[in-house]
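# Structural description and commentary
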Amino acid sequence: MLPITDFLSCTDPLDEFDSLSHHQTQHAKTYVTGLAAGRSKIVNGIAREVLPSGSDRALNKFITEYDRDEDELNHERLEELQNHGDTRWSTDGYIVIDDSVLQRTGKELPGAGSFYDHSEGEPVWGQDLVYAFYTDHKTSYPLAFRQFEKDECEDQEEAEKTKYDLARELITELEEEVGVPAATYLFDSWFAHGSELIKHVESHRKDWIGPLRSNRQVTFDGEEKRVDALAESIDTEEREIDDEVYNIWTKTLPVSKLGEVRLVITEKEVDEDEENPVKYLATNKIDAPSAHIIRSYSKRWRIETFFEDSKEELGLGGCEVRNSDGASIDVHLQMLTDSLLPLGSPSTGLEGLS
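Residues numbered from 1 in each chain as written. Predicted model: local features only at pLDDT ≥ 70, side-chain atom pairs only at ≥ 80, totals over all residues. Heavy atoms only, no water.

## A closer look at a negative patch on the surface
A cluster of acidic residues, Glu 16, Asp 18, Asp 69, Asp 71, Glu 72, Glu 79, Glu 176 and Glu 177, forms a negative patch at the surface. Those elements that provide at least two residues to the negative patch are α4 (70–81) and α5 (156–178). No other element matches the three residues that α4 contributes to the negative patch. (Patch = residues over 30% accessible without salt bridge, like charges linked within 9 Å, V, L, I, M, F, W, Y side chains within 5 Å. Areas by Shrake-Rupley, 256 points an atom, 1.4 Å probe, with all protein chains shown as cover. Salt bridge = Lys/Arg side-chain N within 4 Å of Asp/Glu carboxyl O. Lys, Arg positive; Asp, Glu negative; His and termini not counted. Charge placed at Lys NZ, Arg CZ, Asp CG, Glu CD. Helix = DSSP H or I, 4+ residues; strand = E, 2+ residues; numbered from the N terminus.)

## Thoughts on α4
For an α-helix, 3.6 residues make a turn, and residues three or four places apart therefore share a direction. With 12 residues, α4 extends 17 Å between its outermost C-alpha atoms, agreeing within 8% with the 16 Å of an ideal straight helix rising 1.5 Å per residue. Of all 12 residues in α4, nine are buried, a share of seventy percent or more. Those residues of α4 that fall on the buried side of the exposure criterion are Glu 70, Leu 73, Asn 74, His 75, Glu 76, Arg 77, Leu 78, Glu 80 and Leu 81. Two or three places before Asp 71, at the start of α4, stands the capping residue Asp 69, its side-chain oxygen 3.1 Å from that residue's backbone nitrogen. (Expected span 1.5 Å × (residues − 1). Buried < 20%, exposed > 50% of the residue type's maximum accessible area, 1.4 Å probe, protein only. Polar contact = N/O pair within 3.5 Å; in protein donor to acceptor, adjacent residues only side chain to side chain.)

## A few points about the pairing of strand β3 (residues 122–135)
β3 sits mainly inside the fold: 11 of its 14 residues count as buried. Looking at chain direction, strand β1 (residues 94–103) and β3 are connected through 10 bridges and run antiparallel. Paired with Leu 102 across the bridge in β3 is Gln 127. Direction of pairing for strand β2 (residues 113–117) relative to β3: antiparallel, over a ladder of five bridges. Directly across from Asp 117, in β3, lies its bridge partner Glu 122. Between β2 and β3, which pair antiparallel in sequence order, lie four residues; one of them, Gly 121, sits at a positive phi of approximately 75°. Of the strand pairs in this sheet, β3 and strand β4 (residues 140–148) are connected by eight bridges, and their pairing is antiparallel. Bridge assignment links Tyr 134 to a residue of β4, and that residue is Tyr 141. Once β3 ends, the chain turns through four residues before running back antiparallel as β4. (Pairing = 2+ DSSP bridges.)

## What about the nonpolar core?
With 48 residues, the main nonpolar core has Leu 143 and Phe 187 as its most contacted residues. Here this core takes seven residues from α5, the largest share from any one element. Setting aside anything within four residues of it in sequence, one finds Leu 143 in contact with Asn 74, Arg 77, Leu 78, Trp 89, Ile 95, Ala 132, Phe 133, Tyr 134, Leu 174 and Val 180. Leu 14, Ala 37, Val 50 and Cys 319 belong to the second-largest nonpolar core, a separate cluster that totals 26 residues. (Core = buried A, V, L, I, M, F, W, Y, C linked by side-chain atoms within 4.5 Å. Contact = heavy atoms within 4.5 Å.)

## Focus on the confidence of the model for the protein
For the protein, per-residue confidence averages 90 on the pLDDT scale, and residues scoring 70 or more make up 94% of the total. For the protein, per-element mean pLDDT is lowest for β2, which scores 83, and highest for strand β5 (residues 184–187), which scores 98. (pLDDT = per-residue confidence, 0-100.)

## Focus on the packing of helix α3 (residues 56–64) against helix α11 (residues 324–340)
One can describe the packing of α3 onto α11 by two numbers: an axis separation of 7 Å at closest approach and a directional angle of 100°. Taken together, α3 and α11 sit at an angle that is classed as roughly perpendicular. Mapping the contact onto sequence places Phe 62, Ile 63 and Thr 64 in α3 and Asp 325, Gly 326, Ile 329 and Leu 333 in α11. Split into classes, the residues belonging to the contact of α3 with α11 amount to four nonpolar, two polar and one charged. (Axes fitted to C-alpha atoms, helices over the stretch in contact; angles between N-to-C directions. Parallel < 35°, antiparallel > 145°, perpendicular 65-115°, else oblique. Nonpolar A, V, L, I, M, F, W, Y, C, P; charged D, E, K, R; others polar.)

## Re the environment of Glu 149
Note on placement: Glu 149 falls in the loop between β4 and α5. Sequence separation between Glu 149 and Gly 113 is 36 residues, and the spatial gap between their C-alpha atoms is 8.3 Å.

And the structure:
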């Protein structure tokens, strides 16, 4: 691969960021260009491939030693996205809360530990990041993240509480500092299990949709039972939604720890060789049609695509920095790269390659 002789055009907005000094801006442009267009996604490789970088020592110092306000940098990234119609958020958007385990090998990396990886179906060694992610009909991008420090927890119950606390911190930041207008939060079953987290969303007068675990207790016809037991006793109705066939049952009823919610029990018809478990979707949108709830929740999958693309294309999880601040700025710069790339020239902003 030939060296990259200039910064990508999509990095131009960084010149206006108050959170970066002149030298920091040049280093940030180097890093974003390297993550987007370089073959190597680590500091030494980026410095080697992006010729305007100067030296790998200077770039490494920027990552591990420079003083900066990462929250201000992230907020400026989000503000820049609001200057463009294609990436501007709206009340019709959704905020997804989810976490991703980055498989690693280093034992001394910040926050490294043994975490259960749903994609692998078993515990793996790595780092666990809790994300907030925005999506609507025209755009998707990360909003903010927190790293889960498992070593600080005494037991599994405390670990779960701590991860809920990180999600609550993200929601508070988005609602009270950033002001994201999206009206609905989407959770997976792990985060939807946290009733205090759900209450925190509702305290900001926002809606939420999330699946219940199969053992969640619901009250139907005066009897309390597991939601999977309820699913076995009801008759579903076949419905077509966006060219897919679903078997659906819906009703407003009390759910343990959540109070009265709209429950949608749904199963999509698939080929015999495809696995398709029944989903028990709950929401505080009491009057919402079942089709709206199913369509809305399907947008949660976009954060999974973001995780996959970031790991494969932007080096998420590949940072070798053992410094906590360095590891954090690496993730911020990956989010910055993901956000800036769509803002480049029609030629994808890669015209600096030679």
